[in-house]
Amino acid sequence: MLDLTQLPVVDVHCHPFLNRGPVDAEQFTDLTAFGGGSRQYLEEGGVAVTDAVHAELQRVKRYTLYFRRMLRDLAAFFGCAPDLDTVLAHRNRAVEEDYTSYVRRLYAEAGLTTLVADFGFPLPMLDIEAVRAELPVEVVPIFRIEPLIVDLLAMDLPWAEFRQRYDDTIADALQHKGYKGVKSIIAYRTGLDISPLSRTPDQGYQALDAIRRGLGGGSMKKLRDHLLCRALELCIEYDVPMQIHTGMGDFEVNLVYCRPAYLMELLRFPAYRACRVLLVHTGYPYHGEAAYMANVLPRVYCDVSEGIPFAGHAARRILSEVLEMAPISKVVYGSDGYALPEINYTSAKLGKQALGQVLSDLVTDNMLSEAEAQEAAGLILSGNARELYQLD
Amino acid sequence: MLDLTQLPVVDVHCHPFLNRGPVDAEQFTDLTAFGGGSRQYLEEGGVAVTDAVHAELQRVKRYTLYFRRMLRDLAAFFGCAPDLDTVLAHRNRAVEEDYTSYVRRLYAEAGLTTLVADFGFPLPMLDIEAVRAELPVEVVPIFRIEPLIVDLLAMDLPWAEFRQRYDDTIADALQHKGYKGVKSIIAYRTGLDISPLSRTPDQGYQALDAIRRGLGGGSMKKLRDHLLCRALELCIEYDVPMQIHTGMGDFEVNLVYCRPAYLMELLRFPAYRACRVLLVHTGYPYHGEAAYMANVLPRVYCDVSEGIPFAGHAARRILSEVLEMAPISKVVYGSDGYALPEINYTSAKLGKQALGQVLSDLVTDNMLSEAEAQEAAGLILSGNARELYQLD
Amino acid sequence: MLDLTQLPVVDVHCHPFLNRGPVDAEQFTDLTAFGGGSRQYLEEGGVAVTDAVHAELQRVKRYTLYFRRMLRDLAAFFGCAPDLDTVLAHRNRAVEEDYTSYVRRLYAEAGLTTLVADFGFPLPMLDIEAVRAELPVEVVPIFRIEPLIVDLLAMDLPWAEFRQRYDDTIADALQHKGYKGVKSIIAYRTGLDISPLSRTPDQGYQALDAIRRGLGGGSMKKLRDHLLCRALELCIEYDVPMQIHTGMGDFEVNLVYCRPAYLMELLRFPAYRACRVLLVHTGYPYHGEAAYMANVLPRVYCDVSEGIPFAGHAARRILSEVLEMAPISKVVYGSDGYALPEINYTSAKLGKQALGQVLSDLVTDNMLSEAEAQEAAGLILSGNARELYQLD
């Protein structure tokens, strides 16, 4: 088995967070669980959230393989038993002693050197320097377009100004604010079936007018589609990658229109071919589509975050299946971690284990030499991301 | 490897059957094969079903991995060679001696204690007590809405009465007839892309009127969609689970609109959040979607029937992939067995073997402790289903 | 592990090619890479193809698992190091000495005896006898309908004559030109969501008229859909199989409408039930749909080409997952090889290795006996294809 424990890791997709201090078992569960619903979710559904229902919600979150694995990783880190209370006692003690030095030890053990972080979640946006001050690793900010769209809509601007401010804000973020890329979560809004013809500014003009006049008729989709096309053009202009969410997300994702396949028509359109596009989460569970697109479209990449770690043991399957078609030079590691530093940690541990298993299997099956497998590990864990984001 | 042979099994999804007595090789093949077509299917296609074509049809059915495995399981049970004629000779002798005692031995060997059975297939409906009299295990009946819809349409009722009878019949089944849940196979009819707005009774009113007047215009879909929403509401009211067919079925399934993803919009709509919904067959081969929904929607469950056993060795892959996202407490074992008791038997044997392999792999890969794996086995094979159907 | 090295192989899906003589590293890469884009692709996207960009394009193509594996297979064949330059030196020497005898040795080592070749690619069509003269194996030509459609559209014929020539050309190919089957790549054009009602000649009449008059309105789709239905009818009449492309292809495929599921409605329509239809590429990465259709539709088959070899180590997963539902008697081996003889070679090597692993696993997991596994290997590698194409 390939041993990747010493390799550095760039986490190409995650979210910024600040020290929350010690957390109790329920807070830890709620902050780290990927799904499982919430009190509010059920209350909106007319359910009286009794103690029994409350316990039901906690149980759903604690019965995922991902959650069990995180406890095991942290228990090994602290040298304690892998039950939630014991792990948290150690964790909180370390946080109370010194948060940053705890995170330093944690990330050093996993080899995490860099977080490429989408500052569009959580909202209101965290201050980049405040996050950097606490996190003992390189933090590379990414600019999300959706909060900007919300802000601009609230301003009631004429189209010419709306458009100019949209461009200027993104350009300013990339040129002067240190952002190294752009991101969209349009798959949570109006879906990925975006016509390349949305590119004309007149589509934005018409859509904004229709929104103002309350005409409906898909006007919000037309506006979002236009602005996504414009973001791709700006990424080409400023030579940065574009991240587009594909595949699973929280319960509000547009599950029918989140498949990477819907992006095919857009991304192969000549006007966007120059753009380097990361298919975020590699579209899991539709990662076969993302891998195929990374094969036939020369500047499309697969970011394996979210499936790793939130789909637990899927880490191995995702990496193996993505590598069926995606070139080794197009696969980048990420976690989609948020809220607490432990998610990025367990993700890196799990990702390294899974990648080691996958590459060892490929050597055994006569697909790669050992040297090629070692090179692949370095590229996927950090090399591809460093090149893509021009990090050195 | 975890040994699950002694664990009890609740088969959460199957169909009732009565003793058919001895069967010949062709009958056995036709009764147990999942697909493979029929004489009638090809005749309707203008094919003269010669002896050669007849042999072709039998061959297709006997060349699935599932069929081969069933023969091997039965051969092991009887202690004979795994060829069809030998196995059937033993089987028919046992059935002729005493059907119920044969089934008792068969199910005891697999640990099968409970069949949660959809009495909506076969039609005309079998008598619950007649089935119970023959089957030496707990039989839990489920009420399917589609035969009721057919009956009500045939009665030519005004909407107010149609609606009242629909509600009353379901309520009566749940309150007085011993049914423990409701089921829909709308994926075989008009598909799973059901708008939550179908909930208004006026949609049913308009649709029934349009059907009566022969207006088409998707009126049957509108009626079915409304009645499905109403069934969800009744399940909430009477606190029973709703089963919704997703994924593969026989050749008449609506293959484009059977994907679990199409249910997302409906099931997260506040009005239905309280309902416990089983995604029947966990949507195989789209089980990744079902597992994801069981993760983010707190009352959605994955029933792994039909893929187990009809997709043969897929049993292991299905269980492993469903557990990537579905909490351990949301996965329930089932078979979709029908017609002959041997399907439920081989399914339980195969399901236990596959689950044992998957859980052992999870322990090896540091995802679960042995104790957690043992608990998971008990939950998936029976515990989750007993809680869901309040069986004790 | 089952050893299949001695078994003969029919490659049920590939394309004809002529001797191109020696090739340099870049030519070899461009000719054998499945995807990876081209100079022209990026230039059309406004990218100045500098040396760095040129190197980027080559790198993408050389970093797939498939490409690495091909080098390893050829290195083993030549007994040399698995780097591109060394392998090519040996390869070019062998080609210069005697192309046909090189291919003979290559194919003999893999057991390749037969190529079922779609002569519709490359265009202009290669001469069947010229191809046969160079290739030391059985060559079975397949007739692709799309070039014929292009030719007929260029002729500006009235519908009655268009229709007659379409029928006559296909009939002539099957009756007098030695073609053994028909193929469509409609998934690259207007997609697989073909209504069975497209069968009426009036749809063709109306569509051709609308195309002539420049009316748009989906007229090209209506024409193509009608002509595909007609091709199915001709296949029934002349008792030959129909190949329909499903799943992945080059970057121009209609990725949303290439899923096999879209064909379900068409293929189960009574008028087409008699036709033997191969779902080409078994719809990878949607092969679960193809396998399901091969289970429930008695005359639908899975051709596992393209995934093998272009998805590298996926060969094992594809074969395993297709066999979950597709009867053993419905799965046929193929490569989709083109341009150079080495693709068919590495595909056969990889396919045999993967099939051996899958069948061994099935024996280990008590799904098949060793004898059944051996029979399955023979059927999938050659027996099913020989029967389907009536090759003996």
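Residues numbered from 1 in each chain as written. Chains lettered and ligands numbered in written order. Predicted model: local features only at pLDDT ≥ 70, side-chain atom pairs only at ≥ 80, totals over all residues. Heavy atoms only, no water.

To continue, consider the overall build of chain A. For chain A, the helix and strand inventory stands at 16 helices and nine strands. Taken against the 2.2 N^0.38 rule, which gives 21 Å for 392 residues, the C-alpha radius of gyration of chain A at 21 Å falls within 12% of a compact globule. Its C-alpha atoms give chain A principal-axis dimensions of about 60 × 55 × 35 Å. Out of the 392 residues belonging to chain A, those deemed buried represent 65%. Look at the contacts in chain A between residues 6 or more apart in sequence, and 78% of them connect residues 24 or more apart. Here chain A has roughly 13100 Å² of accessible surface; of this, 50% comes from carbon and sulfur atoms. (Helix = DSSP H or I, 4+ residues; strand = E, 2+ residues; numbered from the N terminus. Rg over C-alpha atoms; globule rule 2.2 N^0.38 Å. Buried < 20%, exposed > 50% of the residue type's maximum accessible area, 1.4 Å probe, protein only. Contact = heavy atoms within 4.5 Å. Areas by Shrake-Rupley, 256 points an atom, 1.4 Å probe, with all protein chains shown as cover.)

What follows is about the UniProt feature "domain: Amidohydrolase-related" (unreviewed entry) in chain A. Per the UniProt record, "domain: Amidohydrolase-related" (unreviewed entry) is annotated on residues 170-391 of chain A. The span residues 170-391 of chain A shows a helical share of 50% and a strand share of 9%, and its end C-alpha atoms are spaced 20 Å apart. (UniProt positions renumbered as here; feature names shortened; annotations may be inferred.)

Moving on, we come to the relation of the copies chain A and chain B. Here chain A sits on chain B after a turn of 120° about the axis and a move of 0.0 Å along it, with an RMSD of 0.0 Å. Viewed as a symmetry operation, the transformation between the two copies matches a three-fold axis. When each C-alpha of chain A is compared by its distance to the rotation axis, tyrosine 286 of chain A comes out closest, at 5.6 Å. Take the interface residues of chain A: only 2% of them recur as interface residues in chain B, which is what a contact between different surfaces looks like. (Least-squares fit on C-alpha atoms with pLDDT ≥ 70 in both.)

Residue and element names in this part refer to chain C. Put simply, helix H4 (residues 65-78) and helix H15 (residues 341-364) touch, their axes get as near as 10 Å, and they point 95° apart. When the axis of H4 is compared with that of H15, the two are roughly perpendicular. In this structure, H4 contributes Tyr66, Arg69, Met70, Asp73, Leu74 and Phe77 to the contact, and H15 contributes Glu342, Ile343, Tyr345, Thr346, Lys349, Leu350 and Gln353. (Axes fitted to C-alpha atoms, helices over the stretch in contact; angles between N-to-C directions. Parallel < 35°, antiparallel > 145°, perpendicular 65-115°, else oblique.)

Opposite the 43 residues of chain A that make contact, chain B presents 38 residues. Both sides together, the interface formed by chain A and chain B hides about 3700 Å², and carbon and sulfur atoms give 54% of it. Across the chain A-chain B interface, the total number found is nine salt bridges. Across the pair arginine 59 of chain A and glutamate 387 of chain B runs a salt bridge, and its minimum N-O distance is 3.8 Å. Scanning the region where chain A abuts chain B turns up 21 residue pairs in polar contact (both at pLDDT 80 or more). The set of elements that each furnish at least two residues to the side of chain A that touches chain B consists of helix H2 (39-44), helix H3 (51-62), helix H4 (65-78), helix H14 (314-325) and helix H15 (341-364) of chain A. A breakdown of the residues in the side of chain A that touches chain B according to their chemical character gives 21 nonpolar, 10 polar and 12 charged. (Buried area = accessible area lost by both parts, 1.4 Å probe. Salt bridge = Lys/Arg side-chain N within 4 Å of Asp/Glu carboxyl O. Polar contact = N/O pair within 3.5 Å; in protein donor to acceptor, adjacent residues only side chain to side chain. Nonpolar A, V, L, I, M, F, W, Y, C, P; charged D, E, K, R; others polar.)

On to the pairing of strand S7 (residues 300-303) of chain C, then. All names here are of chain C. The alternating pattern of S7 places Val300 and Cys302 on one face and Tyr301 and Asp303 on the opposite face, and all of these are buried. Sheet topology note: the strand S6 (residues 277-280)/S7 ladder contains three bridges and is parallel. Each bridged residue has a counterpart across the sheet, and for leucine 278 the counterpart in S7 is tyrosine 301. Where S7 meets strand S9 (residues 331-332), two bridges bridge the pair, whose relative direction is parallel. Each bridged residue has a counterpart across the sheet, and for aspartate 303 the counterpart in S9 is valine 332. (Pairing = 2+ DSSP bridges.)

As a further point, take the relation of the copies chain A and chain C. Note on the identical chains: chain A maps onto chain C by a rotation of 120° and an axial translation of 0.0 Å, with an RMSD of 0.0 Å. When you check the interface residues of chain A against chain C, a mere 3% turn up at the interface there too, and the two sides of the contact use different surfaces.

On to the confidence of the model for chain A. The predicted coordinates of low-pLDDT regions are not to be read in fine detail. For chain A, mean pLDDT is 97; residues scoring 70 or higher make up 100% of the total. Predicted as a complex, the structure gets a pTM of 0.98 and an ipTM equal to 0.97. (pLDDT = per-residue confidence, 0-100.)

The next subject is the environment of methionine 367 of chain B. Along the chain, methionine 367 of chain B turns up in the loop between helix H15 (341-364) and helix H16 (370-388). Taking the C-alpha atoms as reference points, methionine 367 of chain B and leucine 215 of chain B, separated by 152 residues in sequence, lie 57 Å from one another. If we ignore the near neighbours within four places in the chain, the residues touching methionine 367 of chain B are Leu65, Arg68, Arg69, Arg72, Gly312, His313 and Leu350 of chain A together with Leu362 of chain B.

Another point: the sheet that holds strand S3 (residues 138-144) of chain C. All names here are of chain C. One open sheet holds the eight strands; their spatial order is S1-S2-S3-S4-S5-S6-S7-S9, and the pairing between them is parallel. The open sheet has two edge strands, strand S1 (9-14) and S9, and neither has a second partner. Contacts from helix H10 (residues 219-238) reach strand S4 (182-184), strand S5 (242-245) and S6 within the one sheet, and its direction differs from that of S5 by about 150°. Its contacts with the sheet put helix H12 (residues 287-296) on S6 and S7, and the angle it makes with S7 is roughly 145°.

Let us now look at the sheet that holds strand S6 (residues 277-280) of chain A. Residue and element names in this part refer to chain A. Taken together, eight strands build an open sheet; the order of strands is S1-S2-S3-S4-S5-S6-S7-S9 and the sheet is parallel. One side of each edge strand has no neighbouring strand; the edge strands of this open sheet are strand S1 (9-14) and strand S9 (331-332). Bridge analysis of strand S4 (residues 182-184) against strand S5 (residues 242-245) gives three bridges, and the strand direction is parallel. Across the sheet, valine 182 pairs through a bridge with methionine 242, a residue of S5. Of the strands in this sheet, S1 and strand S2 (112-118) touch H15, which is tilted by about 115° from S2.

Moving on, we come to the interface of chain A and chain C. Listed by partner, the interface residues are 38 residues for chain A and 43 residues for chain C. Surface buried jointly by chain A and chain C totals about 3700 Å² across both partners, of which 54% is contributed by carbon and sulfur atoms. Area buried by chain A at its contact with chain C is led by Arg273, Glu324 and Met367 of chain A, which between them contribute 20% of it. There are nine salt bridges connecting chain A and chain C. Put simply, glutamate 44 of chain C and arginine 273 of chain A hold a salt bridge, and the shortest N to O gap is 2.9 Å. Counting across the interface, chain A meets chain C through 21 residue pairs in polar contact (both at pLDDT 80 or more). Breaking the side of chain A that touches chain C down by element, the ones donating at least two residues are helix H11 (264-267), helix H12 (287-296), H14 and helix H16 (370-388) of chain A. For the side of chain A that touches chain C, the element with the most residues is H12 of chain A, which contributes six residues. Residue classes in the side of chain A that touches chain C are distributed as 19 nonpolar, six polar and 13 charged.

Note that an α-helix has 3.6 residues per turn; residues three or four places apart therefore point the same way. All names here are of chain C. For H15, built from 24 residues, the straight-helix expectation of 34 Å at 1.5 Å per residue is met to within 8% by its first-to-last C-alpha distance of 35 Å. Counting buried positions over the 24 residues of H15 gives 19, a clear majority of the element. Backbone geometry just after H15 places asparagine 366 at a positive phi near 65°. (Expected span 1.5 Å × (residues − 1).)

Residue and element names in this part refer to chain B. Where helix H5 (residues 84-110) meets H15, the closest approach of the two axes is 10 Å, and the angle between their N-to-C directions is 30°. Between H5 and H15, the angle is such that the two are roughly parallel. Seen along the crossing, H5 lies across H15 with a hand that is left-handed. Two secondary-structure elements touch here, H5 through Arg91, Tyr99, Tyr102, Val103, Leu106, Tyr107, Glu109 and Ala110 and H15 through Pro341, Glu342, Asn344, Tyr345, Ala348, Lys349 and Lys352. Residue classes in the contact of H5 with H15 are distributed as nine nonpolar, one polar and five charged. (Left-handed = near helix turned anticlockwise from the far one by under 90°.)

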